[in-house]
Amino acid sequence: IQGGAIGDPSGKTGRSALEDGKSFEPDNYNIQHTKTGLVSMVNGPGGVDSRFFINCNDQGGWGDDRYAAFGIVEEGLDVIKKIEKVPVSPPKNSPKTPVKITASGVL
């Protein structure tokens, strides 16, 4: 599941939440992508911006040494599983129907 593409409905880029709007380099790649619900920053051409993704299974090793994990979904994995089942359109695997999380709780 990918989200956070502030200002770009295509999801290809995002805008940094930092005041100056600039991207930054992630601080480490030490956490391996081997847990369902792991949350990681997406690296773009200029570094990290507002985009993130959530692992839907335990096989996210493709993200190791490429994306910096920074958190994990502690509650609501049932929601993640429901989102994962939404039909998608290839080749980008975009949801065929919009998916919005309107009440995320504490971040």
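Residues numbered from 1 in each chain as written. Predicted model: local features only at pLDDT ≥ 70, side-chain atom pairs only at ≥ 80, totals over all residues. Heavy atoms only, no water.

### Details of the overall build of the chain
- On a plain count of helices and strands, the chain comes out with one helix and six strands.
- Written out in order from the N terminus, the α and β elements of the chain read β-β-β-β-α-β-β.
- Among the 107 residues that make up the chain, the fraction classed as buried is 26%.
- For the chain, the proportion of contacts with a sequence separation of at least 24, taken over those separated by at least 6, is 53%.
- Within the structure as shown, the chain displays about 7,700 Å² of accessible surface, and the carbon and sulfur contribution to it stands at 53%. (Helix = DSSP H or I, 4+ residues; strand = E, 2+ residues; numbered from the N terminus. Buried < 20%, exposed > 50% of the residue type's maximum accessible area, 1.4 Å probe, protein only. Contact = heavy atoms within 4.5 Å. Areas by Shrake-Rupley, 256 points an atom, 1.4 Å probe, with all protein chains shown as cover.)

### With respect to the pattern of salt bridges
- With the rule as written, the count across this model stands at one salt bridge.
- Where Lys81 meets Glu84, a salt bridge forms, and the shortest distance between an N and an O atom there is 3.6 Å. Taken together, the positions of Lys81 and Glu84, both in helix H1 (residues 77-84) and three residues apart, correspond to about one turn of that helix.
- Taking relative accessible area as the criterion, Lys81 reaches 34% and is therefore assigned partly exposed.
- Glu84 sits in the partly exposed class, given a relative accessible area of 38%. (Salt bridge = Lys/Arg side-chain N within 4 Å of Asp/Glu carboxyl O.)

### Re the confidence of the model for the chain
- Averaged over all residues, the pLDDT of the chain is 78; the fraction at 70 or higher stands at 69%.
- Confidence scores differ between elements of the chain, with strand S1 (residues 2-3) showing the lowest mean pLDDT of 74 and strand S5 (residues 88-89) the highest of 91. (pLDDT = per-residue confidence, 0-100.)

### Describing the packing of aromatic side chains
- Under the counting rule described, the total for this entry stands at three aromatic pairs.
- Measuring from ring centre to ring centre gives 5.3 Å for Phe53 and Tyr67, while their planes differ by 80°; the resulting arrangement is edge-to-face. Of this pair, Phe53 sits in strand S3 (residues 47-54) while Tyr67 is found in the loop between S3 and strand S4 (69-72), placing the two residues 14 residues apart along the sequence. The pair Phe53 / Tyr67 is uniform in exposure class, with both members buried.
- Members of the aromatic cluster, each reached through a chain of ring pairs, are Phe53, Trp62 and Tyr67. (Phe/Tyr/Trp six-rings, centres within 6.5 Å; stacked < 30°, edge-to-face > 60°.)

### Here we look at the side chain of Asn55
- Turning to its location among the elements, Asn55 is positioned in the loop between S3 and S4.
- At a separation of 3.5 Å, a polar atom in the side chain of Asn55 contacts the main-chain carbonyl oxygen of His33.
- Apart from the residues lying within four places of it in its own chain, the contact partners of Asn55 are His33, Thr34, Lys35, Thr36, Gly37, Leu38 and Gly60. (Polar contact = N/O pair within 3.5 Å; in protein donor to acceptor, adjacent residues only side chain to side chain.)

### Remarks on the nonpolar core
- By size, the foremost hydrophobic cluster in this structure holds five residues: Val39, Ile54, Cys56, Val73 and Ile80.
- Excluding residues within four positions of it along the chain, Val73 makes contact with Gly37, Val39, Ile54 and Ile80. (Core = buried A, V, L, I, M, F, W, Y, C linked by side-chain atoms within 4.5 Å.)

### A closer look at the environment of Met41
- Looking at the secondary structure, you find Met41 in strand S2 (residues 38-44).
- Along the primary structure Met41 and Gly3 are separated by 38 residues, whereas in three dimensions their C-alpha atoms are 10.0 Å apart.

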